[in-house]
Amino acid sequence: MDLRQLRYFVAVAEERHFGRAAERLHMAQPPLSHAIRQLEGELGTALFHRTTRRVDLTDAGRAYLDRVRAILAEVDEAAHHARRVAAGAVGHLTLGCVGSATYSLLPALSRHLATELPGIDFSFRGEMLAPDQVEALRSGAIDVALLRPPAADPSLTVHTLRRDRLVVALPAEHPLAAKTQVRAADLAGLDLIMHSADRHSVMHDVVLGVLKDAGVEPHIRHEVAETSTLITLVAGGLGVAVVPEPVTALALAGVAYRPLVRPAAAIELAVAHRADRNEPHLARTVEVIRRLF
């Protein structure tokens, strides 16, 4: 027996008439009658009481109809699900977000993805350093990363999304907070709070590069792994920090943000995934993220 026979059976059972069922199925009546007889032969029981005017279901036919309807509904749902998977409309993905973009980007991104791709179940991991994201992509712990390049790994595909300018996070009562902007040279001799060098933070290297270009010898007082901890220490008056502008969304009391100038500097934000991953739902997610920017 095949699905076609089952659909024929349901049509006859609902129409109670072979002629009307044949019209509904857009076929001639003799092949329909033959298919039903063949089905009854395979089952070894009659499904219909036939008269010259109509057909009625037998007890076996009524029981069979309930099961067949359920089977066909499952088959139709399976086909619909397969098409949605092929179109990248369903699935599960874990996104890892670099700490400096977690506070400004993640809330808007999660809402946007829920609207654009409602059939995909997203999990999010925030406050990740780029090296940890690269390792998590390799291992499959995350599927997509929003990170700060460079991500020098040939196994990854990386698309730049935007450039974020750098700002200085200051204790609100700090003298530099009275300025509208802060030069890199103004940071000479100040206690700096930075992302950890031993965790290979991209921001650590960027800040050192900016200070070097300005001829400033850094005085690093604290190194931390998480951006939220970094800003908390600034609020506590333990030093100043250079961070990407999206961190200003972390509006912690006691912290003032001022643009960094002379030199003005920026850092890239990118989306990355493993190059050998080609699932439709992952490709659609990356497409939606790139379009958002």
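Sequence order as written defines the numbering, with residues in each chain counted from 1. Restriction of local features to residues with pLDDT of at least 70 applies here, the model being predicted, together with a cutoff of 80 or more for giving and counting side-chain atom pairs; totals for whole chains, interfaces and linings are based on all residues. Each side-chain value is worked out from all heavy atoms of the structure, with water and hydrogens disregarded.

1. Focus on the UniProt feature "domain: HTH lysR-type" (unreviewed entry) in the protein
Selection rule: UniProt positions are given in the numbering used here, feature names are shortened, and annotations may be inferred rather than shown by experiment. Numbering goes from the N terminus for both helices and strands, where a helix is a DSSP run of H or I of at least four residues and a strand is a run of E of at least two.
Feature annotation in UniProt assigns "domain: HTH lysR-type" (unreviewed entry) to the following positions: residues 1-58. Along residues 1-58 the backbone is 62% helical and 10% strand, and the end-to-end C-alpha distance reaches 19 Å.

2. Re the packing of aromatic side chains
Here is the rule we go by: In this analysis, rings of Phe, Tyr and Trp, with Trp reduced to its six-membered ring, are considered paired at centre separations within 6.5 Å, and the interplanar angle assigns stacked below 30 degrees, edge-to-face beyond 60, and tilted for intermediate values. For every residue, the accessible area (1.4 Å probe, protein chains only) is compared with the maximum for its type, and the residue is labelled buried under 20%, exposed over 50%, or partly exposed between those bounds.
Under the counting rule described, the total for this entry stands at 4 aromatic pairs. Seen in terms of ring centroids, F9 and Y64 are 5.2 Å apart; in terms of plane orientation they differ by 55°. Their pairing is tilted. Here Y64 lies in helix α4 (residues 59-86) and F9 lies in helix α1 (residues 3-15), a separation of 55 residues in the sequence. The same class applies to F9 as to Y64, namely buried.

3. With respect to helix α2 (residues 18-25)
Rules: By definition, the arc is the one covered by directions from the helix axis to the C-beta atoms. Contacts are residue-level and defined by heavy atoms, with any inter-residue pair within 4.5 Å sufficient.
All of the buried residues in α2 are F18, G19, A21 and A22. Around the axis of α2, the buried residues are gathered within 165° of arc, so they sit on the same side. Turning to α2, the residues buried within the fold contact α1, α3 (29-43), β1 (48-50) and β2 (55-57). H26 sits one or two residues past α2 and shows a positive phi near 60°.

4. Observations concerning the environment of V243
As for its placement among the helices and strands, V243 is situated in strand β10 (residues 241-244). Separated by 77 residues in the primary sequence, V243 and L166 have C-alpha atoms spaced 5.5 Å apart. Sequence-distant contacts of V243, defined by excluding residues within four places in its chain, comprise R165, L166, V167, A169, M203, L230, I231 and Y257.

5. Considering the packing of α1 against α2
Using the following cut-off: Only C-alpha atoms enter the line fits that serve as axes; for helices the fit covers just the stretch in contact. Angles between N-to-C directions range over 0 to 180 degrees. Angular relationships are summarised with four words: roughly parallel below 35 degrees, roughly antiparallel beyond 145, roughly perpendicular across 65 to 115, and oblique for the angles in between. Crossing handedness is defined as follows: a turn of the near helix away from the far one that is anticlockwise and smaller than a right angle gives a left-handed crossing, while the clockwise case is right-handed.
Between α1 and α2, the shortest axis-to-axis distance is 8 Å and the interhelical angle comes to 130°. The angle between the axes of α1 and α2 places the two elements in the oblique class. The hand of the α1/α2 crossing is right-handed. Each of Y8, A11, V12, E14 and E15 in α1 lies in contact with α2, whose residues at this interface are F18, R20, A21, R24 and L25.

6. Description of the pairing of strand β8 (residues 191-195)
What counts is decided by this rule: What makes two strands pair is DSSP finding at least two bridges between them. Handedness of a crossover: with both strands directed away from the viewer, a clockwise path from the first strand across the helix to the second marks it as right-handed.
Among the 5 residues in β8, 4 count as buried, and that is most of the element. The pairing of β8 with strand β9 (residues 219-224) spans 5 bridges and is classified as parallel. Bridge pairing links L192 to I220 in β9. Traced from β8 through helix α7 (residues 202-213) to β9, the parallel crossover comes out right-handed.

7. Notes on the nonpolar core
We apply this condition: To qualify as a nonpolar core, a set must consist of buried Ala, Val, Leu, Ile, Met, Phe, Trp, Tyr and Cys residues joined through side-chain atoms within 4.5 Å.
Counting residues in each nonpolar core, the largest one holds 35 residues, and the members touching the most others are L147, L166, V168, L170, L187, V242 and L260. Listing elements by their share of this core, those giving two or more residues are α6 (130-139), β5 (144-147), β6 (156-171), β8, α7, β11 (255-261) and β12 (266-274). For this core, the element with the most residues is α7, which contributes 5 residues. Leaving out residues up to four positions away in the same chain, L170 has contacts with L176, A177, V182, V234, V240, G254, V255, A256 and R258. Counting 22 residues, the second-largest nonpolar core is a separate cluster that includes I36, L39, Y64 and V68.

8. Regarding the pattern of salt bridges
Where we set the bar: Salt bridges are defined by distance alone: a side-chain nitrogen of Lys or Arg within 4 Å of a carboxyl oxygen of Asp or Glu.
Counted by the stated rule, this structure contains 21 salt bridges. Note that E135 is salt-bridged to R138, the shortest N-O span being 3.0 Å. With a gap of 3 residues between them, E135 and R138 both fall in helix α6, about one helical turn apart. By relative accessible area, which is 43% here, E135 ends up partly exposed.

9. Overview of the environment of G96
With respect to the helices, strands and loops of the structure, G96 is situated in strand β3 (residues 91-98). Expressed as a C-alpha distance, the spacing of G96 and V224, which sit 128 residues apart in the sequence, is 19 Å. Excluding residues within four positions of it along the chain, G96 makes contact with R125, M128, Q133, I142, V144, A145 and L146.

10. Quick word on α4
Spelled out, the test is: One less than the residue count of a helix, multiplied by 1.5 Å, gives the span that helix is expected to have.
The terminal C-alpha atoms of α4 lie 41 Å apart, and with 28 residues this matches the ideal 40 Å at 1.5 Å per residue to within 8%. By the burial criterion, the buried members of α4 are G61, Y64, L65, V68 and L72. On its buried face, α4 is in contact with α1, α3 and β2. G88 occupies a position one or two residues after α4 and carries a positive phi of about 75°.

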